[in-house]
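Chain residues, written in single-letter form:
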Amino acid sequence: MVSEVTDADFEAEVIGSELPVLVEFTADWCPPCRQMAPVLRALAAEEGERLKVVQLDVDHNPGTTNAYKVLSMPTFMVFRGGEPVRSMVGARPKRRLLEEIADVL
C-alpha cells in the first residue's frame, strides 16, 4: 500500500521509520506522477516487507518539499535511518526503479 505523508507526519512516518522509505514527491497537475501510481503500488506490494512506499503532495506540503530542495516532479528519495540516501528525478519503469534502489534496501 502507498500511503500519503504530510509536513505534519513526515518526521514520524519517514524519518522515524525502521524500514527504508521511498518517498515520491508528487503533484496533482503532474502527468508523469500519475503514470507512476501503478508502479509504486506494485513496488509497495512486492517489497512491502523491506521497503515502505509513501507519497508527499508538494503543493500541500511546502515545508518538507523545500527542506529537501525538491524542484521537479516526480522526485523520488530513499530515506534510510532518517537520512536521504538516494534521489532520482522523473518517471521510470518499475524495473529501473528497483535497480536504482536495490543497493539501499
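A few points on the structure.

Scoring rules and cut-offs
Residues numbered from 1 in each chain as written. Predicted model: local features only at pLDDT ≥ 70, side-chain atom pairs only at ≥ 80, totals over all residues. Heavy atoms only, no water. Pairing = 2+ DSSP bridges. Helix = DSSP H or I, 4+ residues; strand = E, 2+ residues; numbered from the N terminus. Axes fitted to C-alpha atoms, helices over the stretch in contact; angles between N-to-C directions. Contact = heavy atoms within 4.5 Å. Disulfide = S-S within 2.5 Å. Buried < 20%, exposed > 50% of the residue type's maximum accessible area, 1.4 Å probe, protein only.

Points about the pairing of strand β5 (residues 83–89)
Where strand β4 (residues 75–80) lies against β5, six bridges are found, and the strand directions are antiparallel. Counterpart to Met77 in the pairing with β5 is Ser87. Between the antiparallel neighbours β4 and β5 lie two residues, among them Gly81 with a positive phi of about 60°.

Digging into the sheet that holds β4
Pairing within the open sheet is mixed, and its five strands lie in the order β1-β3-β2-β4-β5. Pairing within the sheet leaves two strands with one partner each, and these edge strands are β1 (3–5) and β5. Each neighbouring strand pair of the sheet contributes to a mean axis angle of 30°, computed without reference to strand direction. Where strand β2 (residues 21–26) and β4 come together, five bridges link them in antiparallel fashion. What sits directly across from Val21, in β4, is Phe79. Contacting β2, β3 (52–57) and β4, helix α2 (residues 31–47) runs over the sheet at an angle of about 165° to β2.

Let's talk about the state of the cysteines
If you walk through the whole model with that rule in mind, you get one disulfide. Here Cys30 connects covalently by a disulfide to Cys33, the sulfurs 2.2 Å from one another. In this structure the cystine formed by Cys30 and Cys33 twists about its S-S bond by roughly 80°; its chirality is therefore right-handed. This pair shows no difference in class: Cys30 is buried, exactly as Cys33 is.

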